[in-house]
Amino acid sequence: MTLIIEQLLNGLQLGVMLFLMAAGLTLVFGVMGLINLAHGSLYMVGAFACAAVATATGSFWLGVIASLAAAAAAGAIVELVVIRRLYSRDHLDQVLATFALILVFSEGTRWLFGSFPLFLDVPAAFSGPVTLPGGIEYSRYRLAIIAAGLLIAVGLYALITKTRLGIRIRAGESDREMIAALGVDISKLYTIVFALGAALAGFAGALVGAIQSVQVGMGEPVLILAFVVVVIGGIGSVKGAFVGALLVGMTDTLGRFLLPVFFGTFMDPSSATSVGSALASMSIYILMALVLVAKPSGLYGDAI
Amino acid sequence: MLRERILNFVFAFGLLAVPLIAYVSDAPFVITLATKVAILALAGVGLNIALGLGGLISLGHAAFFGIGGYAMGILASHAQSYTLLTTWPFEIAGTKSMLIIWVVALASSGLAALIIGALSLRTSGAYFIMITLAFGQMLFFFAISWPAYGGEDGLPIYLRNGFPGLNTLDPIQFFTITYVILGLALFLSSRLSKSRFGLALQATRQNPERVEAVGMRPFNIRLTAFLISGMITGLAGALFADLNRFVSPSMFSWQTSGEIMVFVILGGVGRLYGPVAGAALFILLEHWLGGINDYWQFLLGLILLGVVLFARGGLIGTLVGREVAHD
Amino acid sequence: MGLLKTFTAAATVLAIAGMASAEPVKVGMITTLSGGGAGLGIDVRDGFMLAVAQSGNSDIEVVIEDDQRKPEVAVQLADEMIQSEKVDVLTGIIWSNLAMAVVPAATAQNVFYLSPNAGPSALAGQGCHKNYFNVAWQNDNLHEAAGAYANSANYANSFIMAPNYPAGQDALTGYKRFYEGGLAGEVYTQLGQKDYASEIAQIRASGADSVYFFLPGGMGIAFMKQYAQSGVDIPLLGPAFSFDQGILQAVGEAALGVRNTSQWNKDLDNPANAAFVENFQAEYGRLPSLYASQGFDTANLLLSAMAAADVSDADAFRAALEAANFDSVRGDFAFGPNHHPIQNIYVREVIKEGDVFTNQIIATGLTNHSDAYAADCKM
C-alpha cells in the first residue's frame, strides 16, 4: 500500500513538472498560433544557468533565480530576433525554424559548457527524506517540487483570470486582430507571453536538473512528452495542459511499475520485465491515441 | 517553369555525373556519398507528397523510414542465420533478395501509414505535427526496448542484399539501383501531381470545404496521399539500411524525421526536385562544415534558420527566382 | 578528400632512430566527439594521442573522425577510411552498437580493429575474428566482477537494475553469472530514463541488502542523486561506467562511498600508470578517466606491434599484437585465445580528494579474468 502511495506521488511529481513545460507551449500556441520545437532548449538553458550559478555562488536559490532570468531572457531574445518573424508564416516554417534553433542552442551550449554533464545538487534545506502520515518515507525535495508546481498552476490560473495581462492573453487567444485594433501593444504582449513560457520551462529545467542530470540534449525528451500532454489536453488550453500533464505523469509512472508485475503473473520474470518495460515505454502514446479517437481536439480543446 | 525544368535537369544529371567521375577517378567513397544523397532524396520525395502537395506537416516520417529499414534488417538477419521468421500459421523464411525486401518494406510501411494516418488525420494543423511526432517516438521506444532484433544495438547485416544480375557490393552498381528508383519515384510524383488525384489533393490543402462541396471526402484523399508518402519513405528506409548494411532504432528518432523535412525545405517545398537538391546540399554541408569544426550542427542550425527566414523557396526557389510553386 | 582532420604524429622532431619501423602505419580513429557521450570519445582520443606523442614515432599517422554516436555515420566513416584513406588499422569506437555495425565489415576487408572500449559478446564468441583485438574488456567483465564481489561482501539478496537494451540485459546476466545469492527484484528501465522515483520506491519496498545497477552516462547521475535524496540506505554497487572521472563531479556527494568495479584506477601501483597519470594531467589539465587509460593502452599495444613487425605482413603483425608486449597501465595484461584481455578486475570506492571526487581501490574482484565466450571462438 505504501508502495502504491509513493508511486502516486511520483506520478504527481512528474505530472506537475510536465505541466510547467506544457503550459508554456500551449500558451504560446494559443496566443500566437506558434508551434515551438525549441521549448525544450529553454528547459536546458534554465538547468545550465542554475547549475553554473549554483556552482559559482554555492547557492541553489541564486541558481533558480538565474534559471528564471536566463530562460526568460533567452526566450525574449529568441522571440525578438527569430520567432516574431514566424507568426505570419505557416506551421511548416515554424517547425523548421524552431528545429534549427534546437541545433543552435544544443551545440552552442556544448560549445560553452563542454560535453560532460554539469553538477547541480538539491539544496540542503530540502535534502533527504521526510516521513509522511502513515509512515511513508518520501523525498523532501520531490514533495517541494509538487508543492511548487501546484502553486505555479494556481498562480497561472490567477494570472490568466484575474489580471490585466491575463485578460489580454485571453483576448489574444480568441481574436488577435481585434485586440491589436483596440490599441494593445500586441508585439510587446507576444514577447511577454513567450518569455513567461520560457521562464516556466527554465524553472522546470532547474528543479529537475537538481535530481537528474544537467546535460546537452536533456530538453528534447521532455519536449516530446509535453507535446503529448498538449495534444491530450487540447492545444491552447492551460487547464487541459494541467489535466493532461497529470494523466501522462500517472500513466507513465504507474505503467512502468504495474505492467511488468502484470506480465509477471503469467510469464517468466525476465521476459515479463522486458515485455512490460517495452509496453510501458509506449503507454503514454497509446493513451494519446485513445484520447484522439474519442476527442480529436483533445480533452479541453476547441473543436477543429 | 522553364528555368525550374533546366535546374531539374542539372540536378538529375549532376547526381549521375558525380559518381561516374568518381568511378573513373577511383574515389569509391564519393560514390557512397552520392548513393546516400539519392536514398535520402527518395525519402524526401516521399515526404514531399504529403508535405508539398497535401500540406500535411508530418514530423513522424522516421516511423516509415525505420519500418522500411527493419523490414530489410529482419528479413536479412533471418536469412543470414538460416532461421525461420515465423513458424505459425505458416513458415516464412528470411531472404537476401532486394526485390522481395522492397515489397515487404512497401507493404509494412504502407500498413503503418494507414494506421498512423487514420488516427492522425482526424486532426489537423499543429495537432497533426505533434501527433505524428509522438507516433514516431512511440515506434522509436518500441524498437529500442524490443530485444528480439537487437534493441538499441541494432542489427548488422554482413553482406548487402542481392539484386538479380548485379553485384550490389560494388558501389557504382548499388548507386545505379538507387538512382533508378529515385528516378521512378520522381516520375511517379510528377505524374501524381498532375493527375486527378493530385489536383484533388492540392485542392484539399487550399480549400477543403470546396472539395467536400463537390462530393469528395478530404479525409480519404489525405489518407491516400499519406499512404503513398509513407510507402516511398519506407522504401528509402530499406535502401538506407542496405547502404549501411545495418539498421538501428536511430532510424526512428525524431531527429531523422526532422532531417527528412530539412531536405525538403532546403531544396524547396512542393518542388519536384526539391528533395534531391536539399539532400545533396545537406550532405555537402555536413561534410564541409564537419570538416571545419566539431560544432558543425551549430552552423547548420544558423544556415537553416537563414533559409527559413530569408530564402523561403529553398535552393530551387532561390535559383528559379520569384516563380512560387506553393502558395 | 581534403576534408579529414589529419593529425600527424610528427610533433616530436627527434624521432629516435631504430624505434621507428620501416613502414608507416595509417590508423583510422572513429569515435564520438560531438553530442551526448562525447566525453568518452574525447578521453579515448586524448589517451591514444598522448601515447603516440610520447613514443616520438613519426611513422604513425592517425586520422580522427567524429561518429556523432550514430551507427550509420560510423559505417560511412569506416567505408571512407578503408576505401579512400586506405588505413591499416581502425580503432576508437565507444559504443557496442556502433562496433557491431563497423567491426565485422572492417575485419572482413583485412583491416585490423583494436577496440578501446566496446566489447559486445557477439564479437567475443562465435563472431570473433583474427583481426579483431579488444584492449578494454568483454562487456560482461565488470558486471561479473561485481557479482563475485557481492558474494565476498556476503550480499544474499540483491536488487538488480539496468536499462532495457542489449547491454543492459548483458549486464544483469553478467552479474548473475557470478553472484550466488537471491534476487530481491530485477527491473529493466527505459533507455535514457531520467526519473527513477518509481524504481527507488520498489527498491525501498523490496527488502534487498544490496542494489546492483548498470546505468551509464546521465542515467546513472540522475539515479544516484535521486537515490541519495530518497532516504533508502541499501548499499549500491555498479560497474565503473557510472563512477568515472568525467561523471563523478556531476554526481557529487551522492556517489561517496559507492563501490564499483574497474580494470583500472589511477592509484594502481605500477610505473607505467604513475607516468601516465602525471603526463595526462600535465598535457590536458584534468585527471585521466578509465576511457583515457584504455585509449593509452590501445596506442601502446599498436606501437609495440609496429616495433616488432611490418603491417604489410599481416600474419607477423597479428602475432606481434597477440604478444601484447607493452607496459599496460593496468599492470599485467595478456590476450586470451579470442583476443580479449585476461586481466584483474578491481573493486573501487568513491572518495573525495580535496575538492575532487575520485576512486580508490579497496579489493580485487576477479583475478586474471577472461570471459564467458572464449570457448565459442573458433579463429
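No experiment lies behind these values; they were computed from the predicted model shown. (Residues numbered from 1 in each chain as written. Chains lettered and ligands numbered in written order. Predicted model: local features only at pLDDT ≥ 70, side-chain atom pairs only at ≥ 80, totals over all residues.)

**Student:** What should I look at first to understand unusual backbone geometry in this one?
**Tutor:** What is expected of a backbone is that most residues other than glycine have negative phi and most peptide bonds are trans. Residues and elements named next belong to chain C. Notably, Arg69 is not glycine yet its phi reads approximately 60°, a positive angle. Position of Arg69 among the secondary structure elements: in the loop between strand 3 (60–66) and helix 2 (71–83). Arg69 sits in the buried class, given 23 other C-beta atoms within 10 Å. (Helix = DSSP H or I, 4+ residues; strand = E, 2+ residues; numbered from the N terminus. Buried ≥ 20, exposed ≤ 12 C-beta atoms within 10 Å, placed from the backbone.)

**Student:** Can you walk me through the domain arrangement of chain C in this structure?
**Tutor:** Buried accessible area, meaning the area lost when the parts come together, often serves as the stated size of an interface. Residues and elements named next belong to chain C. With domains assigned, chain C is organised as domain 1 (6–137 + 267–335) and domain 2 (141–262 + 345–376). Each of domain 1 and domain 2 has a C-alpha centre, and these two points are 28 Å apart. At the junction of the two partners, domain 1 supplies 15 residues and domain 2 supplies 17 residues. Within the residue set of the side of domain 1 that touches domain 2, elements represented by two or more residues are helix 1 (38–55) and helix 4 (121–124). A per-class count over the side of domain 1 that touches domain 2 returns six nonpolar, seven polar and two charged. (Domains from an automatic or database assignment. Contact = placed C-beta atoms within 7 Å. Nonpolar A, V, L, I, M, F, W, Y, C, P; charged D, E, K, R; others polar.)

**Student:** How do you make sense of the interface of chain A and chain B when you look at a structure like this?
**Tutor:** Across the contact, 38 residues belong to chain A and 37 residues belong to chain B. With 15 residues, helix 4 (residues 91–113) of chain A is the single largest residue contributor to the side of chain A that touches chain B. Here the side of chain A that touches chain B is composed, by residue class, of 28 nonpolar, six polar and four charged.

**Student:** For this particular structure, what's the right way to read the interface of chain B and chain C?
**Tutor:** Contacts between chain B and chain C engage 22 residues on the former and 26 residues on the latter. Looking at the side of chain B that touches chain C element by element, the count peaks at three residues for helix 2 (residues 28–53) of chain B. For the side of chain B that touches chain C, the per-class residue count stands at eight nonpolar, 10 polar and four charged.

**Student:** Honestly, the environment of Ala105 of chain B in this entry has me stumped. Any pointers?
**Tutor:** Residue and element names in this part refer to chain B. Checked against the element boundaries, Ala105 lands in helix 4 (residues 98–120). Its 28 C-beta neighbours within 10 Å are what place Ala105 among the buried residues. Separated by 148 residues in sequence, Ala105 and Ser253 have C-alpha atoms that sit 18 Å apart. Those residues within four positions of Ala105 in sequence are excluded, and the remaining contacts are Gly68, Ala71, Met72, Gly234, Leu235, Gly237 and Ala238.

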